[in-house]
Amino acid sequence: MINRGYGTWVRDFEAERERRATVGDPLWSRGAALDPALVRSLQRFQVGEDGDGSALIGKAERAGDPVYAEAVRLFVAEEQNHARTLALLLAAGGAGTLSGHWSDAVFVRLRRLLGLRMELLVLMVAEVVALRYYRAVRDGAADPLAAEVAGRILADEERHVPFHCRRLCEGFAGLPAPARRAVAGGWRIVLAAAAVLVAVDHGPALRHLGVRRRAFIAETVRLSVPLAAAFTSAPARTPTGV
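Residues numbered from 1 in each chain as written. Predicted model: local features only at pLDDT ≥ 70, side-chain atom pairs only at ≥ 80, totals over all residues. Heavy atoms only, no water.

### Points about the packing of helix H3 (residues 54-62) against helix H4 (residues 66-92)
H4 packs onto H3 with a crossing angle of 170° between their chain directions and a minimal axis gap of 8 Å. Classed by the angle they form, the pair H3 and H4 counts as roughly antiparallel. In the crossing of H3 with H4, the sense of the turn from one axis to the other is right-handed. Here H3 contributes Leu56, Ile57, Ala60 and Glu61 to the contact with H4, which in turn contributes Tyr68, Ala69, Val72, Arg73, Phe75 and Val76. (Axes fitted to C-alpha atoms, helices over the stretch in contact; angles between N-to-C directions. Helix = DSSP H or I, 4+ residues; strand = E, 2+ residues; numbered from the N terminus. Parallel < 35°, antiparallel > 145°, perpendicular 65-115°, else oblique. Left-handed = near helix turned anticlockwise from the far one by under 90°. Contact = heavy atoms within 4.5 Å.)

### Structural notes on the packing of aromatic side chains
Taken as a whole and judged by the stated rule, the model has ten aromatic pairs. Seen from their ring centres, Phe13 and Phe163 are 5.3 Å apart, and the 85° between their planes marks the pair as edge-to-face. Of this pair, Phe13 sits in helix H1 (residues 7-23) while Phe163 is found in helix H7 (residues 144-172), placing the two residues 150 residues apart along the sequence. You can call Phe13 buried: its relative accessible area is 2%. For the ring pair Phe75 and Phe163, a centre distance of 6.5 Å and an interplane angle of 45° mean the geometry is tilted. Taken together, the residues span a long stretch of sequence, with Phe75 in helix H4 and Phe163 in helix H7 at a distance of 88 residues. The burial state of Phe75 is the same as that of Phe163; both residues are buried. Through a chain of ring-to-ring contacts, three or more aromatic side chains come together here, namely Tyr6, Trp9, Phe13, Tyr68, Phe75 and Phe163. The ring of Tyr6 has Arg166 sitting right over it, with the charged end atom 4.9 Å from the ring centre. Between Arg167 and the ring centre of Tyr68, over which it is positioned, the NZ or CZ distance is 4.2 Å. (Phe/Tyr/Trp six-rings, centres within 6.5 Å; stacked < 30°, edge-to-face > 60°. Buried < 20%, exposed > 50% of the residue type's maximum accessible area, 1.4 Å probe, protein only. Lys NZ or Arg CZ within 6 Å of the ring centre and 35° of its normal.)

The analysis is restricted to geometry; functional conclusions fall outside its scope.
Right under this line is the structure:
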């Protein structure tokens, strides 16, 4: 298997890991004043971030590119760090975590039934929703600790999206143009549906953060346009401004 240049992504993930170690965690001891609606919302997102990623890592390893597989392992580690920091944020606000949530169970089961290419498509739905959600928390949370944690996670998600876009673009490069357009259209429909579900399920928290449900959906759908074009067009290109 040809090395597709994922060494750059490995170095990026490693550099970010070193930067996190140098900067250290937020100051948890200052505590957090979290609105009950935001607590419930963060608990659900924490469940979604909390997974061992073994299925994705296994599929990446079977794809035959060890450098890409290493980049995926580092990506999974960042997602696990998100779960850890969200749990600590909730603890700082006097709240615990959930043992599970139906939406995450459905999402994980769907991903595990699919191959690498389709799993990444499903994963990208969650990543794009996360872009808008964590931006809302960063910009709308009155609590400084919550805003800081959301900002850190958002910065990671903004790096994750182009990483997955590149692999998806390679994965769909062999399909005819009409088939790639069909994939892009189908993915955008699924993303729009997911945005609606999140807007409904997390509506009270979004309202607390100053974001209307319709605006959340519209802005998430808007993000899907350049991203869908990026991972279903050839040659590969990285979207900007997400």
